[in-house]
Every structure is written in C-alpha cells, then in structure tokens.
Amino acid sequence: MICFILSDLRRLWVGSLVVVLLVALATALGVSVVLQERALRLGSARAADKFDLVIGAGGSETQLVLSSVFLQPSPLPLMPGEVLGKLAADPRVDWAAPIGFGDSFSGYPIVGTTTMLAQNLSGGLAEGEIFSHEGEAVIGAAVKLSLGGEIKPMHGSLEEGGETHTELVYHIAGRLRPTGTAWDRAILVPIQAVWHIHGMEAEEHAEDGEHEHEAASGTDNAEPAHAPEKAESWTAGAPGLPAILVKPKTIADAYKLRQDYRSGNTVAVFPGEVLTNLYATLGDAKQILVAVASGAQALVAASLVLVTVIHIGQRRRQIGALRAFGAPRGAIFGIVWLEFFFLMAVGIALGFVLGYAAALILSGMFSQTSGVAMPVGFAREDAWLAAVLLAFATILAALPAVLAYRQSPAQALRA
C-alpha cells in the first residue's frame, strides 16, 4: 500500500505540491501570530523587570512606562525637581535616578541620567569607562558607534525636522553590557548636560552654570566641566523632571513608595502592572488576528475539499480498476485517506517551520528598531495546536476516502 501511495504521489506531484503549500501557508499564518504575540509578551515583560518603580508627573501611566522603560518618544509633563531630593534622602530607597529626554543622534535616543543608573542598568560596562564629565557619554550595547566617537545631539529627531545643538559635543567614554531592553539603543549622558543644553539649571549651580556650560563644550580653554559624581549632590535643587527610576530596598518599601507618590502632582507605577493592562489589549488584538488566521484556514479547507473532489473524479478509472482486481473497499479507503492525510501532515509540519521563521524575522526587525529582545520559541500549548490541526486533517482526509469508498467498480469503469 505504501509503495502504491508513493508512486501515486510521484505521478501527481504538481497537485500534491499545491495541497502541501496551501496547508503550509494557512498553518504558518496561525503559528506566526501565536509565536509573535508570545515573544512580544515575554520581551516586554523581561524589559520591564529591569525597573522596579517609575515615578512621574500626574498623567497617563501607560505613556510614562512607554517613555521611561521603552524609550518611546513622547512629551511627558514635568514633576517638581524637589521630588528627586525627597527620594534621595528616603531610607526606603536604594537609589533613585532621574532621566531626561528630548534629544537624539543617528536615530538613537539621548537620555540624561546619573552614573548610578548607568552602573546598575547592565551590571557594568563591556568596555571603556563611565562618563565623568558633561561632555562624555556611555552608549548601549546595540548602538553602532565606536569609543571616542563624537555625538552631536539633535533636538527631537531628523524625521521631525529637529535642529542640531552646536554648543555641546559628547565623546563616547564607554559601552554598556547587553540588557535586552530598549536601553541597549540608548545614549546615556549626564543629566546636568541635558539641563544645561536646554537652559535648565539646578538651583545651587545657577550662578556658575554658564561657566560649566562652556567647559562642557570645550570653549574658551575653560577647565573641564564638573564630574557627575560631584554634581549628584544637587538633588534638592533639581529642575523639573519627566521621570525618576527608583530601586526600593525591599518589596514592602516598593509598595509603600508607590502609595506615597500616587497622590498630589506625582504618580508611581510598577511597569509590570501597566504591561498587564497592555496585555489585555494585546489579547483582544490577538483574538482578531487568530480569527483572521482561522478564516484563512477555513478558506484553505474549502479549497482542499474542492481539490479533493475534483481529484477523486479524475481517479475514478484507477479506483474502478483496483476494485475490479479485487481490492476491498477498506483498502481503497485506506489508500486515499493515507495519501491525503500524509500531504496535509507534511503541510502542517512545513507550516510550523515557516511560521517559526516568520516570527523570527518579525521579532528580529522589531528588536532592531526597539532594542527589546523578543524570544521566539514553542511552548507546551503549541503541541495542542498541532494536535488540533492533525485532528482536523484526519477528518478532512476522510472526505475523499469516503467518496472513493462509495464508488462501485462498474460505475468507475464506465466513467
């Protein structure tokens, strides 16, 4: 029987190939949707795990997380700078790092922050050293620039028609280790440099801000700008801030801080909580995509039914000859069923491979633009998807087998 089926498939290889490709493409569509949605969930969750608590001005919690954790460009309202001083002096806080946005270079966001965040973000540097002056920068692992290179900050982005700041040039001092987050594509600079370049001064340095600004830009042979470590005692006089990343000492402290800063002009969020709400939205989108994939698979199934009916009609003489030579109805049923089930099983297996490859490509493209690592992989529940598809193939393959089973030898030979 197997030899007969293989011979039949070689003889009708074009039609067999069409069936396999139809099943493979329909399967790949559904598999890629499932794998890509899972990769997005895992990647975003792992990226958010790097940050325990985010504090910002009152407004959209989702936008606060998207801007501070995933570095999505969007103007955030500023909270009073004194919040940073309170957090720095709070015994429940291990460290608190302000972040400032607004500038970019070659498509990479420039983020003003402190050496504390730069040192703790990736567990150290892959090469070079941390920035020590306002004219220095540390780049993420995915930033395609070299140590010692120059960075000319642009306000906004090139697509938005941003203007390049001519009063300051950063020099790359070090590179962070990979984090698997959007910060791998970030350029980290001292927060004071961001304040100075945008005309925002910490109160205690207001009187000598011009001197430091000139020092940072290397003009008038001034002395090097102050080291960020020294300037990180400014917290009480900090200008307005869009966000502060906080590392609480304990889980209990995290919940207490979140409660304390969810009133007045500030809001405190756990990034994981915000992502949970986003996942609910993604779940709805996934259902829509799965419905579209299911619709495509239904159309493919209908096409296969039509193809199989036509195919059985073309093979009536062959089936009649087999019956005339004494082949029992059960053997005819088995031959036709095995042939079509084999084609669909191969198509399903190929569809899983194509769906996995498509998810890898899409995740790679997303990771390249966002910096967030998207782990693509199969899970235990995917075995259930394969089982359901094979069960459906079992039923669908029975249709042409039943048609062949019901044909009489006399009718088939007269056709």
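Treat the numbers as computed from the prediction; the structure is a model and nothing was measured. (Residues numbered from 1 in each chain as written. Predicted model: local features only at pLDDT ≥ 70, side-chain atom pairs only at ≥ 80, totals over all residues. Heavy atoms only, no water.)

Counting its secondary structure elements, the protein chain contains 14 helices and 11 strands. Here the protein chain holds 415 residues, and the buried ones make up 45% of them. In the protein chain, once contacts between residues fewer than 6 apart in sequence are set aside, the share between residues at least 24 apart is 80%. By element, 62% of the accessible surface of the protein chain is carried by carbon and sulfur atoms, the whole surface being about 20000 Å². (Helix = DSSP H or I, 4+ residues; strand = E, 2+ residues; numbered from the N terminus. Buried < 20%, exposed > 50% of the residue type's maximum accessible area, 1.4 Å probe, protein only. Contact = heavy atoms within 4.5 Å. Areas by Shrake-Rupley, 256 points an atom, 1.4 Å probe, with all protein chains shown as cover.)

For the rest of this paragraph, the subject is the environment of Gly 128. Inspection of the secondary structure puts Gly 128 in strand E4 (residues 125–128). With a relative accessible area of 52%, Gly 128 lands in the exposed category. Gly 128 sits 46 residues away from Gly 174 along the chain, and the two C-alpha atoms are 4.0 Å apart. Ignoring any residue separated from it by four or fewer positions in sequence, one finds Gly 128 in contact with Leu 147, Ala 173 and Gly 174.

It is worth spelling out the side chain of Ser 363 at this point. Its location among the elements puts Ser 363 in helix H12 (residues 329–370). Take Ser 363: its relative accessible area is 2%, and that puts it in the buried class. Polar side-chain contacts of Ser 363 include one of 3.1 Å to the side chain of Gln 36. Aside from chain neighbours lying at most four places away, what touches Ser 363 is Gln 36, Ala 39, Met 374 and Val 376. (Polar contact = N/O pair within 3.5 Å; in protein donor to acceptor, adjacent residues only side chain to side chain.)

On to the packing of aromatic side chains, then. Tallied over the entire structure, the rule returns five aromatic pairs. Between Trp 337 and Phe 341, the aromatic rings sit 4.9 Å apart at their centres with planes inclined by 5°, giving stacked as the arrangement. With a gap of four residues between them, Trp 337 and Phe 341 both fall in helix H12, about one helical turn apart. On the basis of relative accessible area, Trp 337 is assigned to the partly exposed category, the value being 21%. One aromatic cluster in this structure is built from Phe 352, Tyr 356 and Phe 378. (Phe/Tyr/Trp six-rings, centres within 6.5 Å; stacked < 30°, edge-to-face > 60°.)

Now for the nonpolar core. Leu 117, Trp 183 and Leu 188 are the most contacted members of the largest nonpolar core, which totals 56 residues. Counting residues per element, this core draws most heavily on helix H2 (residues 13–48), which supplies nine residues. The contact partners of Trp 183, leaving out residues within four places of it in the chain, are Phe 51, Ser 68, Val 69, Leu 71, Ile 99, Val 111, Leu 117, Leu 121, Gly 140, Leu 188 and Leu 245. Counting 20 residues, the second largest nonpolar core, distinct from the first, contains Ala 57, Met 79, Tyr 261 and Phe 270. (Core = buried A, V, L, I, M, F, W, Y, C linked by side-chain atoms within 4.5 Å.)

Turning our eyes to something else, we now look at the pattern of salt bridges. A complete count under the given rule lists nine salt bridges for this structure. The partner of Arg 38 in a salt bridge is Asp 382, and the shortest N-O contact between them spans 2.9 Å. Of this pair, Arg 38 sits in helix H2 while Asp 382 sits in helix H13 (residues 381–406); the two residues are 344 residues apart in sequence, bridging distant segments of the chain. Neither residue differs from the other here; Arg 38 and Asp 382 are each classed as buried. The shortest N-O distance in the salt bridge between Arg 258 and Glu 273 comes to 3.0 Å. Here the residue Arg 258 occupies a position in helix H9 (residues 251–260), and Glu 273 occupies one in helix H10 (residues 271–314), the gap between them amounting to 15 residues. Residue classification places Arg 258 among the buried residues on the basis of a relative accessible area of 17%. According to the relative accessible area criterion, Glu 273 is partly exposed, its value standing at 36%. A cluster of three or more residues bridged by salt bridges with shared partners is formed by Arg 38, Glu 381 and Asp 382. (Salt bridge = Lys/Arg side-chain N within 4 Å of Asp/Glu carboxyl O.)

Next up on the list: a nonpolar patch on the surface. On the surface, Leu 17, Leu 21, Leu 25, Leu 350, Val 353 and Leu 354 cluster together into a nonpolar patch covering about 510 Å² of accessible area. Of all elements in the fold, only H2 and H12 reach the threshold of two or more residues within the nonpolar patch. Looking at where Leu 350 falls in the secondary structure, it is placed in helix H12. Exposure remark for Leu 350: the relative accessible area of 32% places this residue in the partly exposed category. (Patch = residues over 30% accessible without salt bridge, like charges linked within 9 Å, V, L, I, M, F, W, Y side chains within 5 Å.)

Attention now goes to H9. Considered for burial, the residues of H9 that qualify are Asp 253, Ala 254, Leu 257 and Arg 258. Buried residues of H9, seen end-on, are gathered within an arc of 135° and therefore sit on one face of the element. (Arc of directions from axis to C-beta.)

For the protein chain, mean pLDDT is 78; residues scoring 70 or higher make up 74% of the total. Within the model, the stretch residues 204–227 combines pLDDT values under 50 with 36 contacts to residues more than four positions away or in other chains. (pLDDT = per-residue confidence, 0-100.)

Another aspect to go through is unusual backbone geometry. Residue Leu 71 is not a glycine yet carries a positive backbone phi of 55°. Note that Leu 71 resides in the loop between helix H3 (61–68) and helix H4 (82–89). Located in the positive-phi region is Ser 106, a residue other than glycine, with phi close to 55°. Overall, Ser 106 belongs to the exposed group, its relative accessible area being 56%.

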